Amino acid sequence: MHIKSMLAMLCMAIGAGAGVPALAQAPIVIKFSHVVAPDTPKGQAAERFKLLAEQATRGRVKVELYPNSQLYKDKEELEALQLGAVQMLAPSLAKFGPLGVKEFEVFDLPYIFPTKTALYNVTEGDIGKNLLKKLEPKGITGLAYWDNGFKVMSANTPLHHPADFKGLKMRIQSSNVLDEQMRALGANPQALAFSEAYRALQTGVVDGTENPPSNMYTQKMHEVQKHLTVSNHGYLGYAVIVNKKFWDGLPSDIRNQLEKAMKEATTFEKAIAQSDNDKALEAIRKSGKTKIYTLSVQEQAEWRRALAPVQKTMEKRIGKEWISAINRETAK
């Protein structure tokens, strides 16, 4: 037998076994898709996770980022994850309701989180962990909660009182709670993908929307909205999730390194979320395109009264026990 043939057979035999050096193996690819811009808190945290994951695994893992709905829109991305077309997502918590895990819609309830501290007590405690476990029967493993802060309202008319919403077409994410929220204010909710929101606002398909300032600014929505109200009426957060079969199939050392990278990226994300939203609000102010209004204490009380019935209406859908558990936790 020729030496070349013997070497070829030897290489094939080694390649099939466990003795191949890690650097000779093709890297494990994690396709991480999301719908927002790279310079949002979520976009920056995804970049940080990529850096940390690739460093920690010394190139054994390669993270490919696809921001701005490059691969999938809101409604498509969860199905793509379940099918294994992508391995990682960070969808907003509202996305899990249409998937059949309605308990996550508790995060959409208006004014349920009085402070960031109260919010983190929920997401980092037993309630948050138990909610993530509910994704597992759907073929999804939850890794972390990422934060994008509290939302503002915008429209082409001033929004100071609940009565100002009457008859307005307001873009929302696909969420029964957000639908009920807008109806409680007298508006007509319009569920649209995030990637379609700017165009819908620009062309008048909808009159207004709700978003954290960083999303509004990076998507240039402020350029087609004359008024913004700092209402802090609702919360927008994300769950970083992976395809369960893919995650469970990883070598345990790789999985441990990725968990550490995710923990560090999550700490980073929470640190920048508030500052990014504050900077975005100031940038919107400086643009001169949108007039910013902050609710007075009396006006916010008026909004709270108008939106209070949403919790009761949604008890049957979300589960009264989940709403009560969060209210108990945030009252501590």
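Above this text is the structure in question.
Residues numbered from 1 in each chain as written. Predicted model: local features only at pLDDT ≥ 70, side-chain atom pairs only at ≥ 80, totals over all residues. Heavy atoms only, no water.

### As for the overall build of the protein chain
Turning to step 1, where the next piece is worked out: Along the backbone of the protein chain there are 14 helices and 11 strands.
Turning to step 2, where the next piece is worked out: If you line up the protein chain on its principal axes, its C-alpha atoms span 90 × 45 × 30 Å.
Turning to step 3, where the next piece is worked out: Sorting the 332 residues of the protein chain into buried and exposed places 51% on the buried side.
Turning to step 4, where the next piece is worked out: A sequence separation of at least 24 residues applies to 76% of the contacts in the protein chain between residues at least 6 apart.
Turning to step 5, where the next piece is worked out: Once the 44 positive and 35 negative side-chain charges of the protein chain are each reduced to a mean point, those two points are 2 Å apart. (Helix = DSSP H or I, 4+ residues; strand = E, 2+ residues; numbered from the N terminus. Buried < 20%, exposed > 50% of the residue type's maximum accessible area, 1.4 Å probe, protein only. Contact = heavy atoms within 4.5 Å. Lys, Arg positive; Asp, Glu negative; His and termini not counted. Charge placed at Lys NZ, Arg CZ, Asp CG, Glu CD.)

### Looking at the pattern of salt bridges
Turning to step 1, where the next piece is worked out: This model, assessed by the stated rule, comprises 15 salt bridges.
Turning to step 2, where the next piece is worked out: Residue Glu105 is joined to Arg317 by a salt bridge in which the shortest nitrogen-to-oxygen separation is 2.7 Å. In this pair, Glu105 sits in the loop between β3 (88-89) and α4 (116-123) while Arg317 sits in helix α13 (residues 315-318), placing the two residues 212 residues apart along the sequence.
Turning to step 3, where the next piece is worked out: The buried category is assigned to Glu105, whose relative accessible area is 0%.
Turning to step 4, where the next piece is worked out: A salt bridge links Arg183 to Asp179, with the nearest nitrogen and oxygen atoms 2.6 Å apart. Placement of both Arg183 and Asp179 in helix α6 (residues 176-184) is noted, with a separation of four residues, approximately one turn of the helix.
Turning to step 5, where the next piece is worked out: Residue Asp179 is classed as partly exposed on the basis of its relative accessible area, which comes to 22%. (Salt bridge = Lys/Arg side-chain N within 4 Å of Asp/Glu carboxyl O.)

### Comments concerning the packing of aromatic side chains
Each aromatic ring pair is summarised here by two numbers: the centre-to-centre distance and the angle between the ring planes.
Turning to step 1, where the next piece is worked out: Taken as a whole and judged by the stated rule, the model has nine aromatic pairs.
Turning to step 2, where the next piece is worked out: Between Phe32 and Phe49 the ring centres are 6.5 Å apart and the planes differ by 70°, which places this aromatic pair in the edge-to-face class. Remark: Phe49 occurs in helix α2 (residues 41-56) and Phe32 occurs in strand β1 (residues 28-33); sequence separation between them is 17 residues.
Turning to step 3, where the next piece is worked out: Classification of Phe49 by relative accessible area gives buried; the value is 1%.
Turning to step 4, where the next piece is worked out: Taken together through their ring pairs, the aromatic side chains of Phe96, Phe104, Phe107, Phe113, Tyr145, Phe150 and Tyr235 make up a single cluster.
Turning to step 5, where the next piece is worked out: Of note, Lys270 hangs over the ring of Tyr120, and the distance from its end group to the ring centre comes to 4.7 Å. (Phe/Tyr/Trp six-rings, centres within 6.5 Å; stacked < 30°, edge-to-face > 60°. Lys NZ or Arg CZ within 6 Å of the ring centre and 35° of its normal.)

### Some thoughts on the sheet that holds strand β4 (residues 140-150)
Turning to step 1, where the next piece is worked out: Taken in spatial order, the five strands of this open sheet run β2-β1-β3-β10-β4, and their pairing is mixed. Both edges of this open sheet fall to β2 (61-66) and β4, since each of them pairs with a single strand only.
Turning to step 2, where the next piece is worked out: Seen against the sheet, helix α10 (residues 252-287) touches β1, β2, β3, β4 and β10 (235-243) and runs at an angle of roughly 15° to β4. (Pairing = 2+ DSSP bridges. Axes fitted to C-alpha atoms, helices over the stretch in contact; angles between N-to-C directions.)

### Some remarks on the environment of Ile323
Turning to step 1, where the next piece is worked out: Structurally, Ile323 is set in helix α14 (residues 320-330).
Turning to step 2, where the next piece is worked out: You can call Ile323 buried: its relative accessible area is 3%.
Turning to step 3, where the next piece is worked out: Considering only alpha carbons, one finds Ile323 and Thr40, 283 residues apart in sequence, at a separation of 29 Å.
Turning to step 4, where the next piece is worked out: In contact with Ile323, not counting residues within four places along its chain, are Val106, Leu109, Gln311, Met314, Glu315 and Ile318.

### Observations concerning helix α7 (residues 194-203)
Turning to step 1, where the next piece is worked out: Listed in full, the buried residues belonging to α7 are Phe194, Ala197, Ala200 and Leu201. Across the axial projection of α7, the buried residues extend over an arc of 95°, all falling on one side.
Turning to step 2, where the next piece is worked out: Buried positions along α7 lie against α3 (74-83), β6 (169-172), β8 (208-211) and α8 (213-218).
Turning to step 3, where the next piece is worked out: Count one or two residues on from α7 and you reach Gly204, which has phi positive near 85°. (Arc of directions from axis to C-beta.)

### Regarding the packing of α2 against α10
Turning to step 1, where the next piece is worked out: Here α2 crosses α10 at 155°, and the two axes come no closer than 8 Å. Between α2 and α10, the crossing angle belongs to the class labelled roughly antiparallel. Judged by the twist between their axes, the crossing of α2 over α10 is right-handed. Here Pro41, Lys42, Gln44, Ala45, Arg48, Phe49, Leu52, Ala53 and Ala56 of α2 come into contact with α10, specifically with Gln257, Leu258, Ala261, Met262, Glu264, Ala265, Phe268, Glu269, Ile272, Ala273 and Asp276.
Turning to step 2, where the next piece is worked out: A class-by-class count of the residues in the contact of α2 with α10 yields 13 nonpolar, two polar and five charged. (Parallel < 35°, antiparallel > 145°, perpendicular 65-115°, else oblique. Left-handed = near helix turned anticlockwise from the far one by under 90°. Nonpolar A, V, L, I, M, F, W, Y, C, P; charged D, E, K, R; others polar.)

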